[in-house]
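# Secondary and tertiary structure notes
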Amino acid sequence: MEMGRLLRNLRSVFWQPRRPSWRIRFLVLFGFTICAVIIIGSNSFLTKRFSDTLGKQSQLTAALYSGNMISMLERQALLPLVLARDPVFISALRSKDYTNTSRRLIEFTAEISASSIDLLDLEGRVVASSDRRAIGASLGDQSYFVSALREANTVFTVAQLEQNDRIFKFQYSRRIQAQQETLGIIVVRVDLTRLEESWKSRGDTVVVTDSADRVILSSNAFWRSNTLTNILSSAPRPKSVLQAFQTPRNSAEANPFVYLQGNHLLRSEIKTGFRGWRLTYFARIDSVRARVNGVLALEIMALSLLMAGGLYLGNTRLHRQSKRIAEESEQLRKLNSRLSEEVEERQRVERDLEVAEQSLEQASKLAALGQMSAAVSHELNQPLAAMKTYLAGSKLLLQRDRPDEALSSFHRINDLIERMGAITRQLKSFARKGTDKPLEVDIRDAVDGSLSMMTPQLRDMKLEIRKIMPPHPVFVSADPVRLEQIIVNLLRNAIEAVDAEPEPWIEILVVQGQKTRLTVKDNGIGLEDPDALFEPFYTTKKPGEGVGLGLAISAGIAAELGGRLTARNAEPKGAIFELQMPSVTAATQRAAE
C-alpha cells in the first residue's frame, strides 16, 4: 500500500497535466547519471579492493597450511635416525629375536602419531611392525627399500599403491648399521590424511602437487593422482557475469580466478620448499561479491533516500502522507505498549511455571523415598529368612550338644547382619546415585558368595546348579556388594521360576571378552513380557510375595557400574538373564599391582 502511494506521488510529479520545464528534466536526468556513475565506480573499486584483501588472506592461509604440512614431515623425518641407532632393534636384527620389537614400534607410533613403522631385514621381509598384520610381508621390491640400502642417509619416498589408485603412501626409510655392517631397514610412514580431513572439515579446497604437477594430497579425493593442469582445464566455463573473470588458465600469477565444481574461486600457490612440492589454496570469492553487494546496497539506499528527500521537498502533497505516517506511528506505539504488557504477562507465567517445576521435583523426591522404603523391605527379606533358618538349626544343634556347629551358625548369622547393613547402605546409595569408586572384583568370587547366600534356600530343594566358569580369575570393575546383590536377585528369580519343574536346573555361565558376560539360565516357564521386567513394581507374583523391585534395582545397579542387564526367553523353554560388565584388562591389572 505504501509503495502504491509512493508511485502515485512520483507519477504526480513527472506526469502532471502541465508540461514540466527543461531544467527539472535535466536535473532529474543528471541525478540518475551521477547515481549510475557512483554505483559502477564503487562496484569496480570495491571488487578490486576486496579481491586483493581476499588474495592476501588466501596467501596467508596457504602459507599456514604449507607450514603445518612441512612441520609434520620434518618432525617425523628425525625418527628413522633415532630408531636406526636403537640398540634394541640392532640386537634384534643380529639375534633374529623379534619378541618385543613390535610392541616397541607400537609405542613409538602412538607417541609421534605416525601411520605405521616397519622393521625389515636385508631380504626385505617385515620382521616387526606397529601393524601386526604386516609382519611377514615381503617388501624387497619397494623403492624405499632399495633406496635405503643404497644411501646412508634417510630417504623420503612417495609410493602409489596401484597405478590407477588414488591413495599415496609417504614414508621415511633408513638402513640400520652397526660397526659398518648393514643389518636391516627401518621404515616410518607419515600419516598425511589427517591434513586432508582437516581441510575438508573446514570446507576449504586445498591441493598439494609434486614437481611433476601430480596431485598427491587434496581435500577432494577424486583429484589425487591427476595433474592440476588437467583439473583446471577440464572445469566448465562460468555463466552470466562470471564470464568477466574468465581468462586463460596458465599460472596463478597470470590468472588467479578459476571455476571449479560450480564455484568461482581465487587460486593461491605456495612453494613449500620440500622436494618441489606446491600447495594451492582455492578461496571462494562469494564473500567478495557479498561484501560488494552489501556496500552497494547501502549506497543505493542512501541515494534512494536522497532522491526521496528531493521528491518530498518538490511535492507538497507528501505533507499529508507524513501525517498518515504519524498516525501509523501512534498505532505502532500503542501496539508496542500492548506487546510490553504481553511480555510482562508471559514473564509472570514463566515464573509460575518455574515454581511448578520445583514443586514437581520435590514430589518426585518424595515418590523416590516411597520406592526406597518398599525396596528396603524387599531386599532384607532374603537375609532375614536365612537368619531364621540358621537360628532354628542352631537351636537343634545346641539341644543335641553340638556347640561347635552351633557357633558356626552364629558366625553366619553375624555375617548376614553385616550383609543387611551393607544392603541398607547400598540401597541408600542406589537412591542417591552413589559415588563409590568401583574395585577390581573376580566375578567368580561374586558368584560363589551369592550361592553361599542362597545356601539355606537351596539346601532343601532338588535343584541342579551348573557352574561353567573359566579356571583363571575374571576381573570386572564393580562394587562387590552390589554385584552380589544383582546375582542374588537373578538366582532367586530363577529358583522361583523352576519351582514347579520335575527336574529343575539352573546354569551359571561366565564368558570373558571385551565385556565380561554372566548368564543365568533356567528351565522354568519363561517370561511373559521381557521388556517390562525391569520397570519398578512390575511383578507376576501374588500379592504379598513380591513388590516387583528386585530386577529394577538390579538393572539400575548394573547401569551405574557401567554394565547392562538384559532378559530373553530360551529355546525350547526357560529364561536367560545376561549381565554385561566392563572387563579389567591385563594392563590395568598390572598397573594396580
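Residues numbered from 1 in each chain as written. Predicted model: local features only at pLDDT ≥ 70, side-chain atom pairs only at ≥ 80, totals over all residues. Heavy atoms only, no water.

It is worth spelling out the nonpolar core at this point. Generally speaking, soluble globular proteins have nonpolar side chains that are buried together. Counting residues in each nonpolar core, the largest one holds 39 residues, and the members touching the most others are L483, L518, F577 and L579. When residues of this core are traced back to their parent elements, those giving at least two are α12 (443–453), β13 (475–478), α14 (480–497), β14 (505–511), β15 (515–522), α15 (550–560), β16 (564–569) and β17 (575–582). Ranked by the residues each element gives to this core, the list is headed by α14, at eight residues. If we ignore the near neighbours within four places in the chain, the residues touching L483 are V441, I443, A446, V476, A478 and L579. Y172, L192, W199 and F257 belong to the second largest nonpolar core, which has 33 residues in total. (Core = buried A, V, L, I, M, F, W, Y, C linked by side-chain atoms within 4.5 Å. Buried < 20%, exposed > 50% of the residue type's maximum accessible area, 1.4 Å probe, protein only. Helix = DSSP H or I, 4+ residues; strand = E, 2+ residues; numbered from the N terminus. Contact = heavy atoms within 4.5 Å.)

Attention now goes to the sheet that holds β14. The five strands are arranged β12-β14-β15-β17-β16 in an open sheet whose pairing can be described as mixed. Since the sheet does not close on itself, it has two edges, and those belong to β12 (464–468) and β16, each with one partner. On average, adjacent strands in this sheet sit at an angle of 15° to one another, irrespective of strand direction. Looking at chain direction, β14 and β15 are connected through six bridges and run antiparallel. Bridge assignment links L509 to a residue of β15, and that residue is T519. Against the sheet, α14 makes contact with β14, β15, β16 and β17, and its axis sits at roughly 25° relative to β15, the strand it touches most. Lying over the sheet, α15 contacts β16 and β17, oriented at roughly 135° with respect to β16. (Pairing = 2+ DSSP bridges. Axes fitted to C-alpha atoms, helices over the stretch in contact; angles between N-to-C directions.)

Glancing now at the pairing of β13. Along β13, the buried face is formed by V476 and A478; none of F475 and S477, which line the opposite face, is buried. Where strand β11 (residues 439–442) meets β13, four bridges bridge the pair, whose relative direction is antiparallel. Paired with E440 across the two strands is S477, which belongs to β13.

The subject of this paragraph is α15. Think of an α-helix as turning once every 3.6 residues; residues three or four places apart then point the same way. A large share of α15 lies buried, amounting to nine of its 11 residues. Once α15 finishes, G562 follows within two positions and takes phi at roughly 85°, a positive value.

Taken together, the side chains of E528, D529, D531 and E535 make up a negatively charged region of the molecular surface. Within the fold, E528 resides in the loop between β15 and α15. Judged by its relative accessible area of 71%, E528 falls in the exposed class. (Patch = residues over 30% accessible without salt bridge, like charges linked within 9 Å, V, L, I, M, F, W, Y side chains within 5 Å. Areas by Shrake-Rupley, 256 points an atom, 1.4 Å probe, with all protein chains shown as cover. Salt bridge = Lys/Arg side-chain N within 4 Å of Asp/Glu carboxyl O. Lys, Arg positive; Asp, Glu negative; His and termini not counted. Charge placed at Lys NZ, Arg CZ, Asp CG, Glu CD.)

Taken N-terminus to C-terminus, the directions of helix α4 (residues 87–95) and helix α5 (residues 101–112) make an angle of 150°; their axes are 11 Å apart at the nearest point. Classified by the angle between their axes, α4 and α5 sit roughly antiparallel to one another. For the pair α4 and α5, the crossing hand works out as left-handed. Residue-level contacts link V88, F89 and A92 of α4 to T101, R104 and L105 of α5. Its residues assigned to classes, the contact of α4 with α5 shows four nonpolar, one polar and one charged. (Parallel < 35°, antiparallel > 145°, perpendicular 65-115°, else oblique. Left-handed = near helix turned anticlockwise from the far one by under 90°. Nonpolar A, V, L, I, M, F, W, Y, C, P; charged D, E, K, R; others polar.)

By the definition in use, this model includes seven aromatic pairs. The interplanar angle of 45° and the centroid separation of 6.0 Å between the aromatic rings of Y65 and W199 together place this pair among those described as tilted. Remark: W199 occurs in helix α7 (residues 193–201) and Y65 occurs in helix α2 (residues 22–77); sequence separation between them is 134 residues. Linked through ring pairs, F156, F170, Y172, F274 and W277 together constitute an aromatic cluster. (Phe/Tyr/Trp six-rings, centres within 6.5 Å; stacked < 30°, edge-to-face > 60°.)

Going from E571 to P572, the amide bond is cis rather than trans, its omega being 5°. Position of P572 relative to the elements: it lies in the loop between β16 and β17. A positive phi angle, close to 65°, is found at Q180, a residue other than glycine. The class for Q180 is exposed, based on a relative accessible area of 75%. Phi is positive for S225, which is not a glycine, with a value near 75°.

In the structure shown here, the tally under the stated rule is 19 salt bridges. Two residues, R444 and D442, come together in a salt bridge whose shortest N-O distance is 3.3 Å. Per residue, the accessibility class of R444 equals that of D442, and both read buried. Put simply, E560 and R482 hold a salt bridge, and the shortest N to O gap is 2.8 Å. Highlighted residues: E560 in helix α15 and R482 in helix α14, separated in sequence by 78 residues. Look at E560 and you get partly exposed, because its relative accessible area is 29%. Among the residues examined, R482 registers a relative accessible area of 5% and is labelled buried. In this structure, a network of salt bridges that share partners links the residues R267, E269 and R278.

Turning our eyes to something else, we now look at the environment of R125. Of note, R125 is situated in the loop between β1 (116–121) and β2 (126–129). Relative accessible area serves as the criterion here: at 38%, R125 is assigned to the partly exposed category. Discounting residues that sit within four places of it in the chain, R125 has contacts with L119, L120, G136, A137 and S138.

Where β1 lies against β2, three bridges are found, and the strand directions are antiparallel. Paired with D118 across the bridge in β2 is S129. Counted between consecutive antiparallel strands, the loop separating β1 from β2 contains four residues, among which G124 sits at a positive phi close to 85°.

With that out of the way, let us pick up the confidence of the model for the protein. Per-residue pLDDT for the protein has a mean of 77; in total, 78% of the residues score no lower than 70. Taken together, the stretch residues 9–18 has pLDDT below 50 and engages in 12 contacts with residues farther than four places along the chain or on a different chain. Confidence drops under pLDDT 50 across residues 360–369; counting only partners more than four residues distant or on other chains, this segment forms zero contacts. (pLDDT = per-residue confidence, 0-100.)

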